[in-house]
Amino acid sequence: GAVVSQHPSWVICKSGTSVKIECRSLDFQATTMFWYRQFPKQSLMLMATSNEGSKATYEQGVEKDKFLINHASLTLSTLTVTSAHPEDSSFYICSASPLLAGVGTDTQYFGPGTRLTVL
Amino acid sequence: AQSVTQLDSHVSVSEGTPVLLRCNYSSSYSPSLFWYVQHPNKGLQLLLKYTSAATLVKGINGFEAEFKKSETSFHLTKPSAHMSDAAEYFCVVTLYNTDKLIFGTGTRLQVFP
């Protein structure tokens, strides 16, 4: 149980185009979903927190107009990288915090990640 | 502010020997601490979680970690390494009064036959 999927697993796009990444909780409902960015050989950095039906909360330094987050349902969140540039190339990881009694809100289940390469 | 420091970027062990991955934390309150493992092309998996119920926490796959407040440490150990343990390991702390996770820089564990 507690599986989170991401689609696509990798994507290559041209500079200036937009890319959408989906994050789905497959067997549970998620009150909150998180988006992280991981540079090669570095740690995960939280980009934003999203709750179903409300606007995402972005971390300091993250451009909300470049990284659009939509949390349309309790099982789906999307991250759209708008007007992508080579410096946006990275590994993007989502996680979901389940809506379950007795499960702490700090429990997160992670997706496998999406590798974005912008040419 | 809360933070974690992973003292080793790389650890190499032989199969069957003990594993020790070191983590120190900084927190002005009693934190929740985690260890996650990241295998290539797989999502991060929770190994174990400390939430003040017991200082010795047992996790999956034979891993355990001991919370030592006096040393502000939360080291991860396993008595006998297996080839399948080779991966990146992250020590994680929660940001006070939120559900946000703060990750350490990671330790890459190599296991040699």
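Just above sits the structure.
Residues numbered from 1 in each chain as written. Chains lettered and ligands numbered in written order. Predicted model: local features only at pLDDT ≥ 70, side-chain atom pairs only at ≥ 80, totals over all residues. Heavy atoms only, no water.

**Structural notes on the overall build of chain B**
Selection rule: A helix here means a DSSP run of H or I that spans at least four residues, while a strand means a run of E at least two residues long, and both kinds are numbered starting from the N terminus. Throughout this description, buried means an accessible area under 20% of the type-specific maximum (1.4 Å probe, protein chains only), exposed means over 50%, and partly exposed covers the range between. Two residues form a contact once any of their heavy atoms are found within 4.5 Å.
Summing up its helical and strand segments, chain B has 0 helices and 12 strands in all. Scanning chain B from its N terminus toward the C terminus, one meets helices and strands in the order β-β-β-β-β-β-β-β-β-β-β-β. Each of the three principal axes of chain B carries a C-alpha extent, and together these read 45 × 30 × 20 Å. Relative to its full complement of 113 residues, chain B shows a buried share of 42%. Intrachain contacts of chain B at a sequence separation of at least 6 include 55% that bridge at least 24 residues.

**Quick word on unusual backbone geometry**
Backbone torsion omega between His7(A) and Pro8(A) reads 0°, so that peptide bond is classified as cis. Relative to the assigned elements, Pro8(A) resides in the loop between β1 (4–7) and β2 (10–13). With a phi angle near 60°, Asn61(B) is a residue other than glycine that sits in the positive phi range. Counting through the fold element by element, Asn61(B) comes out in the loop between β7 (56–58) and β8 (64–68). Residues other than glycine seldom take positive phi values, yet Thr72(B) does so here, at roughly 45°. Take Thr72(B): it is sitting in the loop between β8 and β9 (73–78).

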